Amino acid sequence: MAIRVAWDRNPVSVHGSKGDLEKIISHLRNKHNFRKHSLIMPDRENDEEAVFFLYSACDPRWIMEAL
């Protein structure tokens, strides 16, 4: 699972394959009740397949748990 998180952006962006991003969103929702994120959309600026954005503070460990 190759995921890239751009912590220096506002909002923070999470890049990777659509399937991997769906797993991360599911994990964030089910384990941490984190719901402030965008829908998954095609990544038109980078080489990754898909991207979503985090609209609230998120502990980096939560994303690592999903991997």
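The notes below deal with the structure included here. Residue positions are given per chain, counting from 1 as you read along its sequence in written order. Totals for whole chains, interfaces and linings use every residue, but because this is a predicted model, local features are given only for residues with pLDDT of at least 70 and side-chain atom pairs only at 80 or more, for both listing and counting. Side-chain calculation: all heavy atoms of the structure are included, whereas hydrogens and water are not.

Attention shifts here to the overall build of the protein chain. Check the secondary structure of the protein chain and you find two helices and four strands. Under the DSSP-based scheme used, a helix requires at least four consecutive residues in state H or I and a strand at least two consecutive residues in state E, with every element numbered from the N terminus. In the protein chain, the succession of helices and strands from N to C terminus is β-β-α-β-β-α. Taken along the three principal axes of its C-alpha coordinates, the protein chain extends 30 × 25 × 20 Å. Remark: exposure states derive from per-residue accessible area (1.4 Å probe, protein chains only) relative to the maximum for the residue type, with buried under 20%, exposed over 50%, and partly exposed in between. Within the protein chain, the proportion of its 67 residues that are buried is 34%. Using a 1.4 Å probe, the Shrake-Rupley method yields the accessible areas, and only the shown protein chains count as cover for residues. A total accessible area of about 4,400 Å² is found for the protein chain, and carbon and sulfur atoms account for 48% of it. Computing the positive centroid from 10 side-chain charges and the negative centroid from 10, the protein chain places the two 8 Å apart. Asp and Glu are treated as the negative residues and Lys and Arg as the positive ones, with His and the ends of the chain left uncounted. In plain terms, the charge of a residue is placed at NZ if it is Lys, CZ if Arg, CG if Asp and CD if Glu.

Let us look at the pattern of salt bridges. Any carboxyl oxygen of Asp or Glu within 4 Å of a side-chain nitrogen of Lys or Arg constitutes a salt bridge here. The final tally for this structure, using the stated rule, is three salt bridges. Between Arg9 and Glu45 there is a salt bridge, with the nearest N and O atoms lying 3.9 Å from each other. With Arg9 in the loop between β1 (4–6) and β2 (12–16) and Glu45 in the loop between β3 (41–42) and β4 (50–54), this residue pair connects regions lying 36 residues apart in the sequence. For the salt bridge of Asp59 with Arg61, the shortest nitrogen-to-oxygen distance reads 2.7 Å.

Attention shifts here to unusual backbone geometry. In this model, Asn10 is joined to Pro11 through a cis peptide bond whose omega is 5°. For Pro11, the location among the structural elements is in the loop between β1 and β2. Positive phi outside glycine occurs at Asn33, with the angle close to 50°. On the secondary structure map, Asn33 appears in the loop between α1 (18–32) and β3.

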